[in-house]
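Observations on the three-dimensional arrangement
The primary structure of each chain is shown beneath.
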Amino acid sequence: MKITVVGSGYVGLVSGTCLAEVGNDVLCLDVDPEKIRILEEGGIPIYEPGLQEMVRRNVAAGRLHFTTDVDRAVHHGTIQFIAVGTPPDEDGSADMKYVLAAARNIGQRMTDYKVIVDKSTVPVGTADMVREAVAAALKQRGAQVPYAVVSNPEFLKEGAAVEDFMRPDRIIVGADDEQAILLMRALYAPFQRNHERLIVTDVRSAELTKYAANAMLATRISFMNELANLAEKLGADIEMVRQGIGSDPRIGYDFLYPGCGYGGSCFPKDVKALVKTAADKAGLELKVLTAVEQANDAQKHVLSGKIKAHFGADLRGRHFALWGLAFKPNTDDMRDAPSRTLIADLLAAGASVAAYDPVAMDEAKRIFGTEPKLRYGASPSACLDDADALVIVTEWKEFRSPDFDGIKSRLKAPVVFDGRNLYDPKLVRGMGIEYLPIGR
């Protein structure tokens, strides 16, 4: 099947590559010529485990192509995926200008039946806007060309996106056009040979499902973070609480890990957008999600609060080792990452920071520029020298079993602030290290 993917960022590149992997002829379009150059030369503009090898394999097989040519892209695919960015606007709503520009480009050039698929995370009602944008472009041309608009939200976890696409939990298709539904079933058949995972809904229900899923996961995280803060005050252990409530099958264990807040490209943006959608389109105040967002904003300051409680509010002359910059492991994404809030808090209080992350240090350098009080270590241990304490922000695997004797000997004082609860408090404290996790 011939497929066009508009937008070669995180969602578009993963989706296009995985669709090519099962035999489709995929053309990925992007307006950024530098990004296309990188892809054509065998690189990828993002970090995602397993993706670069898959891109190279499918380019070599002639199934995956890249272009900046809009005409070529529109004429290539019967199915046209729109996977462009929807960044948050100043008021928290999703910015739809790139989605609608993509729709207009298709409407201005299409000459035969197209299935236009919203893959980007978009507010409820976007499919109607896309349909109207295409119709307006066709009318301006004086052309009558059949098309369908489908909502097919992505459910990809950064760091496991290839696996999620190739072995999906569910495939949501929101559509009211029978031919489009048949084509989408055929497209996704290779990904659900074991059992049916494709759920067909109306378009608006599909659009809301994506936001609802992310909002629910964000809610669980903020709930556990608030419980962790309470457990700490009451002398309880949040890890024991987590095991106790997670054993209830109605609750389960997933997304019950407390920490220093959530970040990334999805949860913060989608919670804001859903709250904004409810207020603007339905006149409803989503009180729970408003509280989720407020709790998460506060949680990002918990580590700096612990540090100031220990060393004092004035951190001038203090130096800290920081492990982990990405908002989660297996990605270089630092959008809304807790590390950004922590570093800003420490620098504002007068401290200096030596940071390490396996893949996100280039991104950190881009964000923080030539900040004189922030430097980067070549390894986790390289950050420890002359540091007053170690602060752990991201739960990378390489941080899970460190040399505690080495940490103790290289720090000025054996103090560890753990924003991800990686270690057994009794074990670490038994080694003579002052250990300050979240809620334990």
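Let me sum up the structure you'll find in this document. (Residues numbered from 1 in each chain as written. Predicted model: local features only at pLDDT ≥ 70, side-chain atom pairs only at ≥ 80, totals over all residues. Heavy atoms only, no water.)

Our focus in this paragraph is the overall build of the protein. The helix and strand inventory of the protein stands at 17 helices and 14 strands. Relative to the compact-globule value of 22 Å for 440 residues, the protein shows a C-alpha radius of gyration of 24 Å, a close match. For the protein, the proportion of its 440 residues judged to be buried stands at 55%. Contacts in the protein between residues at least 24 apart in sequence constitute 73% of all its contacts with a sequence separation of at least 6. For the protein, the accessible surface area stands at approximately 19,300 Å², while carbon and sulfur atoms represent 52% of it. (Helix = DSSP H or I, 4+ residues; strand = E, 2+ residues; numbered from the N terminus. Rg over C-alpha atoms; globule rule 2.2 N^0.38 Å. Buried < 20%, exposed > 50% of the residue type's maximum accessible area, 1.4 Å probe, protein only. Contact = heavy atoms within 4.5 Å. Areas by Shrake-Rupley, 256 points an atom, 1.4 Å probe, with all protein chains shown as cover.)

Below, the discussion takes up the side chain of Q80. Within the secondary structure, Q80 is located in strand β4 (residues 79-82). Classification of Q80 by relative accessible area gives buried; the value is 0%. Within the structure, the side chain of Q80 is placed 3.5 Å from the side chain of T4, a separation counted as a polar contact. Once residues lying within four places of it in the same chain are set aside, the contact partners of Q80 are T4, V6, A73, V74, I106, K114, V115, I116 and V117. (Polar contact = N/O pair within 3.5 Å; in protein donor to acceptor, adjacent residues only side chain to side chain.)

Residues I307, F320, W323, L325, L390 and F417 are the most contacted members of the largest nonpolar core, which totals 56 residues. Those residues in contact with L390 that lie beyond four places of it in its chain are A321, W323, L384, I407, L411, V415, V416 and F417. Grouped together as the second largest cluster of nonpolar side chains are 42 residues, L51, V117, I171 and L198 included. (Core = buried A, V, L, I, M, F, W, Y, C linked by side-chain atoms within 4.5 Å.)

Turning our eyes to something else, we now look at the environment of G264. Considering the arrangement of structural elements, one finds G264 in the loop between α10 (238-246) and α11 (267-282). Residue G264 is classed as buried on the basis of its relative accessible area of 2%. For the pair formed by G264 and K97, sequence separation is 167 residues and the distance between their alpha carbons is 21 Å.

Turning our attention to the packing of aromatic side chains. In the structure shown here, the tally under the stated rule is eleven aromatic pairs. Residue placement shows R170 over the ring face of F155; its charged tip is 3.8 Å from the ring centre. (Phe/Tyr/Trp six-rings, centres within 6.5 Å; stacked < 30°, edge-to-face > 60°. Lys NZ or Arg CZ within 6 Å of the ring centre and 35° of its normal.)

Here we come to the sheet that holds strand β11 (residues 374-376). In any sheet, the strands associate via hydrogen bonds between backbone groups, in a parallel or an antiparallel arrangement. Strand order across the open sheet formed by six strands is β11-β10-β9-β12-β13-β14, with parallel pairing between neighbours. The open sheet has two edge strands, β11 and β14 (434-436), and neither has a second partner. On average, each strand axis in the sheet is tilted by 20° relative to the strand beside it, whichever way the strands run. Set on the sheet, helix α13 (residues 302-311) makes contact with β9 (319-323), β12 (389-392), β13 (415-418) and β14; between it and β13 the angle comes to about 155°. Its contacts with the sheet place helix α15 (residues 361-368) against β10 (352-356) and β11, and it is angled at close to 160° to β11. (Pairing = 2+ DSSP bridges. Axes fitted to C-alpha atoms, helices over the stretch in contact; angles between N-to-C directions.)

For a regular strand, side chains alternate in direction, first toward one face of the sheet and then toward the other. Of all the five residues making up strand β1 (residues 2-6), four are buried; the element is thus mostly covered by neighbouring parts of the structure. Traced from β1 through helix α1 (residues 10-21) to strand β2 (residues 25-29), the parallel crossover comes out right-handed. Taken together, the four bridges between β1 and β4 define a ladder with parallel strand orientation. The partner of T4 across the bridge, within β4, is Q80. (Right-handed = clockwise from strand over helix to strand, strands pointing away.)

To continue, consider the packing of helix α9 (residues 203-234) against α10. Put simply, α9 and α10 touch, their axes get as near as 9 Å, and they point 130° apart. With respect to α10, the element α9 is oriented oblique. Crossing handedness for the pair α9 and α10: right-handed. Between α9, through M224, L227, A228 and A231, and α10, the contact on the second element is made entirely by I238, R242 and I245. The residue makeup of the contact of α9 with α10, split by class, is six nonpolar, no polar and one charged. (Parallel < 35°, antiparallel > 145°, perpendicular 65-115°, else oblique. Left-handed = near helix turned anticlockwise from the far one by under 90°. Nonpolar A, V, L, I, M, F, W, Y, C, P; charged D, E, K, R; others polar.)

Moving on: the environment of V292. For V292, the location among the structural elements is in helix α12 (residues 287-299). Along the sequence, V292 and A189 sit 103 residues apart, while their C-alpha atoms lie 37 Å from each other. If near-sequence neighbours (up to four positions away) are discounted, V292 is found in contact with A218, T219, S222 and Y262.

Time to look at unusual backbone geometry. Despite not being glycine, F255 has its phi angle at roughly 55°, a positive value. One can find F255 in the loop between α10 and α11. Its identity as a non-glycine residue notwithstanding, D336 has a phi of 55°, on the positive side. With respect to the helices and strands, the residue D336 is situated in the loop between β9 and α14 (338-348).

By the criterion of burial, β2 is predominantly enclosed, with four of the five residues buried. Pairing of β1 with β2, which is carried by five bridges, proceeds in the parallel orientation. Across the sheet, V6 pairs through a bridge with L29, a residue of β2. Both β2 and strand β3 (residues 64-67) contribute to a ladder of four bridges, which runs parallel.

All quantities given are derived from atomic positions and should not be read as evidence of function.
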